[in-house]
Amino acid sequence: MSNNFTKQDFYFMEQCLLLAKKGIGHVEPNPRVACLVVHQAEIIASGYHSKFGAPHAEVEALRNITDPSILQACTLYVNLEPCSHHGKTPPCVDLILQNPPKRVVIAQSDPFDLVQGKGIEKLLAHGVQVDVGICEKDSHQLNAPFFTFHQEKRTYLRLKWAQTADGFMDKLRHANEKGAFGITGKTSQHWTHQQRASAQAILVGKNTVLVDNPKLDARFFDEHKKIVRYVIDKNLEIPSHYQIYSDDLPTVIFNAHHAEKGLKSKVKLDFSNAKIVLDQISAYAYAEGVQSLWVEGGAFLLGECLAHDYWDEIHVLRAPQKIGQGLTAPAVPTSAQLHKKSPLGEDTLYTYVRENAL
Ligand SMILES: NC(=O)c1ccc[n+]([C@@H]2O[C@H](COP(=O)([O-])OP(=O)(O)OC[C@H]3O[C@@H](n4cnc5c(N)ncnc54)[C@H](OP(=O)(O)O)[C@@H]3O)[C@@H](O)[C@H]2O)c1
């Protein structure tokens, strides 16, 4: 199991990671995975995990091979160790071994309890050359919630807000002025809905619901996606005709008074301080199997998350317009490292990770 990677190996694994990204918003809580079959420096087949419950990347790639005898002269590139257990689909490693390739190149081993190196061991036991550990940082970033959930036994926290060029996340409002104030454009909205779809729950504070009456769904990306809305509303002030209560998506209201299970659940928490509230929500999310919690605001909630170090990634959408006054957006902490700056239509997305996280 050497790790002498060539330039060609890096090129193909980068292509593999790009393909795996197509699963974002569709496959979670499964990891995003792709597989390439390479023969004489050419990709002759490829596949990716496209939907939760759908075939794994290796199955998709290998089903495109018409003459399996060619595989003995091929290298398979896959960003995550092939599975060795019976889940929703049979073990990928057994499928690979029906016509063993010459070599398998893997970015990372699988931390999932039922795999953890067993897929790699099986390939080696059948005489396949296996090389593990290429493009590990990019591969880890692609599946960070999955790795954090399985390795650190906690929910991964992603904070997001939109702000104007002069640093405001809402306009100045007159008393009782309601309704969302759109800061960003359509491309950013689509991206935001894709990110919501990739999380299993979205967290907001009470005022965001009272002011914006948001749906907090993923309709611009996938209108059928069921995401759980988490709302912090200590004294149950949000009226029952608001969308988070009146639609058919699940909502969990964290409050100080009442517990009730159902489509619109109420979970009673100790509200003695903001950090304790965040501790309890994190523990609740983990117990519910939430790998990734997407925190959208408002300013108070985001400020508390930042003050108590409750974040793994920060996403700031900066729009070009200035509004002069309004609700001040949170400051990105100095411990955050700019990972990526990407244009999204007329807006710019700034993605921050923890220093030394990559
Ligand atoms: N631009 C954007 O990306 C964006 C996104 C979302 C919202 N917004 C805007 O932000 C504004 C709302 O923000 P906001 O700062 O006023 O309020 P908020 O963060 O939405 O809600 C704050 C309230 O939620 C409860 N809360 C939140 N975190 C808590 C914690 N850790 N522990 C205990 N309670 C917690 C508290 O309720 P109690 O007072 O009941 O204790 C707190 O007063 C709206 O104008 C909305 O339009 C903008």
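Owing to the predicted nature of the structure, the values given are computational and were not obtained by experimental measurement.

**A closer look at the overall build of the protein chain**
Along its length, the protein chain carries 11 helices and 16 strands. Its C-alpha atoms give the protein chain a radius of gyration of 22 Å, near enough to 21 Å, the size a compact globule of 358 residues would have. Its C-alpha atoms give the protein chain principal-axis dimensions of about 75 × 45 × 35 Å. Taking all 358 residues of the protein chain together, the buried fraction comes to 52%. When contacts within the protein chain are restricted to residue pairs at least 6 apart in sequence, those whose partners lie at least 24 apart make up 69%. In the protein chain, the 38 positive side-chain charges and the 39 negative ones have mean positions that sit 4 Å from each other.

**Some thoughts on the pairing of strand E4 (residues 103–108)**
Within E4, 6 of the 6 residues are buried, which leaves the element mostly enclosed by the surrounding structure. With 5 bridges connecting them, strand E3 (residues 75–80) and E4 associate as parallel partners. From the neighbouring strand, Val78 faces E4, where its bridge partner is Ile106. Tracing the backbone out of E3, into helix H3 (residues 92–98) and back to the parallel element E4 gives a crossover that is right-handed. Sheet topology note: the E4/strand E5 (residues 129–132) ladder contains 4 bridges and is parallel. Residue pairing in the sheet places Arg103 in a bridge with Gln129 of E5. The β-α-β motif built from E4, the intervening helix H4 (residues 118–125) and the parallel element E5 has right-handed crossover chirality.

**What to know about the site of the ligand**
Near the ligand lie 25 residues; those nearest to it are Ala162, Met169, Asp170, Thr208 and Phe300. Here Asp170 contributes a side-chain N or O atom positioned 2.4 Å from an oxygen atom of the ligand. Calculation on the ligand without its partners gives an accessible area of 920 Å², and the protein chains cover 84% of this total. Those elements that provide at least two residues to the shell around the ligand are strand E6 (156–163), strand E7 (168–171), helix H8 (206–212), helix H10 (274–287), strand E12 (292–297) and helix H11 (299–307). Top contributing element to the shell around the ligand by residue count: H8, with 5 residues. For the shell around the ligand, the per-class residue count stands at 14 nonpolar, 5 polar and 6 charged.

**As for the pattern of salt bridges**
The tally for this structure, following the rule as stated, stands at 19 salt bridges. Here Lys171 makes a salt bridge to Glu177, at a shortest N to O gap of 2.8 Å. Notably, a salt bridge pairs Asp247 with Arg229, separated by 2.7 Å at the nearest N-O pair. One end of the pair, Asp247, is in the loop between helix H9 (243–246) and strand E10 (251–255); the other, Arg229, is in strand E9 (residues 228–232), and 18 residues separate them in sequence. Sharing partners across several salt bridges, the network here consists of Asp9, Arg103 and Asp131.

**What about the pairing of strand E2 (residues 42–48)?**
With 6 bridges connecting them, strand E1 (residues 34–39) and E2 associate as antiparallel partners. In the strand pairing of E2, Val38 is matched with Ile43. With antiparallel pairing between neighbouring strands as the criterion, E1 and E2 make up a hairpin whose turn holds 2 residues, including Gln40 at a positive phi of roughly 45 degrees.

**With respect to the domain arrangement of the protein chain**
If you check the domain split of the protein chain, you get domain 1 (7–142) and domain 2 (154–354). Averaged C-alpha coordinates put domain 1 and domain 2 at centres separated by 34 Å. Contacts between domain 1 and domain 2 engage 7 residues on the former and 11 residues on the latter. Taking both partners together, domain 1 and domain 2 bury about 770 Å²; carbon and sulfur atoms supply 44% of that area. If you sort the residues of domain 1 by the area they bury against domain 2, Gly25, Pro29 and Gln141 come out on top, with a joint share of 55%. At the surface where domain 1 touches domain 2, the tally comes to 0 salt bridges. Partitioned by chemical class, the residues of the side of domain 1 that touches domain 2 number 2 nonpolar, 3 polar and 2 charged.

**Things to note about the environment of Tyr350**
Summarising the element assignment, Tyr350 is placed in strand E16 (residues 347–354). Linking Tyr350 and Ile314, residues 36 residues apart in sequence, is a C-alpha distance of 8.0 Å.

**Points about the environment of Lys7**
Along the chain, the position of Lys7 falls in helix H1 (residues 7–20). Each C-alpha atom of the pair Lys7 and Ile65 lies 25 Å from the other, and the pair is 58 residues apart in sequence.

**Points about helix H6 (residues 144–152)**
With respect to burial, H6 is a largely interior element, 7 of its 9 residues being buried. Of the residues trailing H6, Lys153 is marked for its positive phi of about 55 degrees.

**Looking at the sheet that holds E6**
In a beta sheet, neighbouring strands are held together by backbone hydrogen bonds and run either parallel or antiparallel to one another. Reading across from one edge, E11-E10-E9-E8-E12-E6-E13-E16-E15 is the order of the 9 strands in this open sheet, with mixed pairing throughout. The sheet is open, and its two edges are formed by strand E11 (264–268) and strand E15 (336–344), each paired on a single side. Each strand of the sheet is rotated relative to its neighbour by a mean of 20 degrees, with strand direction disregarded. Here strand E8 (residues 201–205) pairs with E9 via 5 bridges, running parallel. The partner of Val204 across the bridge, within E9, is Val231. Strands E6, E8, E9, E10, E11 and E12 of the sheet are contacted by H10, whose axis makes an angle of about 165 degrees with E9.

What counts and how
Residues numbered from 1 in each chain as written. Predicted model: local features only at pLDDT ≥ 70, side-chain atom pairs only at ≥ 80, totals over all residues. Heavy atoms only, no water. Helix = DSSP H or I, 4+ residues; strand = E, 2+ residues; numbered from the N terminus. Rg over C-alpha atoms; globule rule 2.2 N^0.38 Å. Buried < 20%, exposed > 50% of the residue type's maximum accessible area, 1.4 Å probe, protein only. Contact = heavy atoms within 4.5 Å. Lys, Arg positive; Asp, Glu negative; His and termini not counted. Charge placed at Lys NZ, Arg CZ, Asp CG, Glu CD. Pairing = 2+ DSSP bridges. Right-handed = clockwise from strand over helix to strand, strands pointing away. Near = heavy atom within 4 Å. Polar contact = N/O pair within 3.5 Å; in protein donor to acceptor, adjacent residues only side chain to side chain. Areas by Shrake-Rupley, 256 points an atom, 1.4 Å probe, with all protein chains shown as cover. Nonpolar A, V, L, I, M, F, W, Y, C, P; charged D, E, K, R; others polar. Salt bridge = Lys/Arg side-chain N within 4 Å of Asp/Glu carboxyl O. Domains from an automatic or database assignment. Buried area = accessible area lost by both parts, 1.4 Å probe. Axes fitted to C-alpha atoms, helices over the stretch in contact; angles between N-to-C directions.

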